[in-house]
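Fold and geometry: a report
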Amino acid sequence: MYSCYERPTNERPRLGGGCWCSVGLIIAMIACPGSAYGQNRLKVVGTTTMITDLARQIAGDDADVSGIMRPGEDPHIYEVRPRDVQLIAGADLLLANGLHLESTLGHVITNNTEGATVVLLAETPRITPLQSEKLHGAPDPHCWFNVTYFRVFAERTRDALVKIDPNHADGYRQRATSYLAELDELHNWVRQEISRVPREQRVMVTSHDAFQYFGEAYDIDVFAVIGISTEQQPKPRDLTRLASIVRERHVKALFIETSVSQTLNTIVTKIAKTTGAKIGGTLYSDSLGPPDSPAGTYIGMVRENVKTVVRALQ
Ligand SMILES: [Zn+2]
């Protein structure tokens, strides 16, 4: 007899403001159907495209990894599909961001993961959530843009895989070690690239407020049309304030995003026109690019964003 997962008491799951308390703090299992202990390989499900990529990097061929969201989809307003319930119900390990990012999936995960391991990767004492100014101090979920925080995601994914599927522990550990080294290299590369932009020119204006962790980690001032969730509506006074910032700080370029509404991106374009700034390019915020594109992995996505930012602000 063994335990598939023991959820630490400081990792109480909470998605979308919902309560998962019925799941209980500790889930002990006698058997893990469909896991690597049986005939089938471990089934891992990731919510966002960043998390699914991470799971694939570490699981390798030792587990089956499926993703819920597709490239370009907005996690804040994700519309749950019928197949998601089946996917989630079949998971041995469910990896989510947490901090209310996957708000629409919260109840589906709560109701369909009994006996599975659920890890909310951003909800750990090792990550200090930023508070949203525009959303009454709600925790900002976009911590993957600090590469050292994504490193924490990677370590927690490795640890969960090793714990649930110890027969493949060596493989999980080896792949994690090499992936963590790639993340360290990426973090240093981002710092180096951003340092090429003079400090006074390091001002990013984007569609929604997804880059505060990026700004904090790499010393850039970040402003956005709306707050941390794309459910919010832009307010006229925020737009006026943003235009003032663009003028006062002599911001060279504003950025639109791939996973937000066209309406929001149009507002950014209008602010650029009225202030004389240009559109510096399109950033990947809450979703990776298509699988075969340069931004089809987390590392590729960060590199593409940084190239776009440096090119536009230099
Ligand atoms: Zn977002």
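Everything that follows concerns the structure shown earlier in this document.
Every value quoted in this text rests on a predicted model; they were computed, and no experiment measured them.

Reported here for the largest pocket is a volume of approximately 270 Å³. Forming the boundary of the largest pocket are 14 residues, of which E133, D209, Q212, V222 and F223 lie nearest the centre. Of all the secondary-structure elements, those providing two or more residues to the lining of the largest pocket are β6 (221–226) and α7 (236–248). Among the elements that take part in the lining of the largest pocket, β6 stands out by supplying three residues, more than any other.

For any pair of aromatic rings, the description consists of the separation of the ring centres together with the inter-plane angle of the planes. The full count for this structure, using the stated rule, is eight aromatic pairs. With a centroid separation of 5.5 Å and 40 degrees between ring planes, the pair formed by F150 and F153 is classed as tilted. Taken as a pair, F150 and F153 lie in helix α4 (residues 147–164) at a separation of three residues, close to a single helical turn. The burial state of F150 is the same as that of F153; both residues are buried. One cation-aromatic arrangement involves R303 over W189; the distance from NZ or CZ to the ring centre is 4.4 Å.

Ideal values for angles at a metal depend on the geometry: 109.5 degrees with four tetrahedral donors, 90 or 180 degrees with six octahedral donors. Of the protein atoms, only H76 (NE2), H142 (NE2), H208 (NE2) and D286 (OD) coordinate the zinc ion, at distances of 1.9 to 2.1 Å. Because the angles between the four donor atoms bound to the zinc ion fall within 92 to 124 degrees, the donor set is best described as tetrahedral. Positions of the donor residues of the zinc ion along the chain correspond to the pattern H-x65-H-x65-H-x77-D. In this pair, H76 is assigned in the loop between β2 (63–67) and α2 (82–89) and D286 in the loop between β8 (278–283) and α9 (298–313), connecting sequence segments 210 residues apart. The class of H76 is buried, set by a relative accessible area of 3%.

All right, on to the pattern of salt bridges then. Once the charged atoms of two side chains with opposite charge are near each other, the side chains can pair. Counted according to the given criterion, the structure contains 14 salt bridges. Across the salt bridge formed by D84 and R83, the nearest N and O atoms sit 3.8 Å from each other. The closest approach of N and O atoms between R202 and D219, which form a salt bridge, is 3.4 Å. You can see R202 sitting in the loop between α5 (169–194) and β5 (203–208) and its partner D219 sitting in the loop between α6 (212–218) and β6, a full 17 residues away along the chain.

Calculation notes
- Residues numbered from 1 in each chain as written.
- Predicted model: local features only at pLDDT ≥ 70, side-chain atom pairs only at ≥ 80, totals over all residues.
- Heavy atoms only, no water.
- 1 Å grid on protein atoms, 1.4 Å probe; cavity = no way out; pocket = protein on both sides within 12 Å on 5 of 7 lines; lining within 4 Å.
- Points joined across faces, edges and corners; volume = space filled by probe spheres on them.
- Helix = DSSP H or I, 4+ residues; strand = E, 2+ residues; numbered from the N terminus.
- Phe/Tyr/Trp six-rings, centres within 6.5 Å; stacked < 30°, edge-to-face > 60°.
- Buried < 20%, exposed > 50% of the residue type's maximum accessible area, 1.4 Å probe, protein only.
- Lys NZ or Arg CZ within 6 Å of the ring centre and 35° of its normal.
- Donors = N, O, S within 2.8 Å, 3.2 Å for Na, K, Ca; no water.
- Tetrahedral: all angles 85-135°; square planar, octahedral: opposite > 155°, others 65-115°.
- Salt bridge = Lys/Arg side-chain N within 4 Å of Asp/Glu carboxyl O.

Read these as layout, nothing more, since geometry by itself doesn't imply function.
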